[in-house]
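This is what each chain is made of:
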Amino acid sequence: MTATIEANKAESVEDGVTRETVNISTELASEWLSKYQGINRKINDTRVLQYQADMENGRWKYDGMPIRFSNEGKILDGQHRLTALSLCVPSRTIKFDVVRGLDPNTQLVMDQGGARTAGQQLALKGVSDVNV
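Residues numbered from 1 in each chain as written. Predicted model: local features only at pLDDT ≥ 70, side-chain atom pairs only at ≥ 80, totals over all residues. Heavy atoms only, no water.

Asker: So what's going on with unusual backbone geometry? Which residues, and what values?
Answerer: Cis geometry marks the peptide bond from Val 89 to Pro 90; its omega dihedral reads -5°. Considering the arrangement of structural elements, one finds Pro 90 in the loop between α3 (79-87) and β6 (93-102). (Helix = DSSP H or I, 4+ residues; strand = E, 2+ residues; numbered from the N terminus.)

Written out as structure tokens, the structure is:
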């Protein structure tokens, strides 16, 4: 990888699997997408534009959700976040956790949880009667 990577020391999570926190620049996101794209879902342009707008306007929050790579070096999860970051103008750097070394078949069980509804998000913020 030719772009600069600022990272904490990678910690071993499991045999062959590591996790580290990486400051990913717009340029590095582009590089990873061009060199390490694996088999992923079709890009959802609306989601990418939402993420990009959040990133460009300072609303993007670090949430610990990792960018995940297979043990073959291919992106398994995170293509929408990386695509959004690669499109940001001006260029910026955002912190993400990065997990490397996963079995490619783990992609089959990723993103299986239910999405939080707007009402659930408001309830988490202490708003009562969110479903009224």
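After presenting the structure, the write-up continues.
Asker: Quick one: what's the story with the pattern of salt bridges, residue by residue and with numbers?
Answerer: Under the defined criterion, the tally for this structure stands at six salt bridges. In this structure, the salt-bridge partner of Arg 100 is Glu 20, at a minimum N-O distance of 2.2 Å. Taken together, the residues Arg 100 in strand β6 and Glu 20 in strand β3 (residues 17-25) connect sequence positions 80 residues apart. As a salt-bridge pair, Arg 68 and Asp 77 come within 2.9 Å of each other at their nearest N and O atoms. Taken as a pair, Arg 68 and Asp 77 share a single burial class, namely buried. Salt bridges sharing partners connect three or more residues here, namely Arg 68, Asp 77 and Arg 81. (Salt bridge = Lys/Arg side-chain N within 4 Å of Asp/Glu carboxyl O. Buried < 20%, exposed > 50% of the residue type's maximum accessible area, 1.4 Å probe, protein only.)

Asker: Hey, could you go over the packing of aromatic side chains for me, with residue numbers and the actual values?
Answerer: What the rule picks out here adds up to four aromatic pairs. Between Tyr 51 and Trp 60, the aromatic rings sit 5.1 Å apart at their centres with planes inclined by 70°, giving edge-to-face as the arrangement. Look at Trp 60 and Phe 96: their rings are 6.2 Å apart centre to centre, the planes differ by 55°, and that puts the pair in the tilted class. Of this pair, Trp 60 sits in the loop between α2 (45-56) and β4 (67-70) while Phe 96 is found in strand β6, placing the two residues 36 residues apart along the sequence. The exposure class assigned to Phe 96 is buried, which follows from its relative accessible area of 5%. These aromatic residues form a ring-pair network of at least three members: Trp 32, Tyr 36 and Phe 69. For the cation-ring pair, Lys 95 lies above Tyr 62, with the distance from its terminal atom to the ring centre recorded as 4.8 Å. Positioned over the ring face of Phe 69 is Arg 100, at 5.5 Å from the centre of the ring. (Phe/Tyr/Trp six-rings, centres within 6.5 Å; stacked < 30°, edge-to-face > 60°. Lys NZ or Arg CZ within 6 Å of the ring centre and 35° of its normal.)

Asker: Could you give an account of α3, naming the residues involved and the relevant values?
Answerer: Here α3 lies mainly inside the structure; eight of its nine residues are buried. Three or more residues of α3 are buried, namely Gln 79, His 80, Arg 81, Leu 82, Thr 83, Ala 84, Leu 85 and Ser 86.

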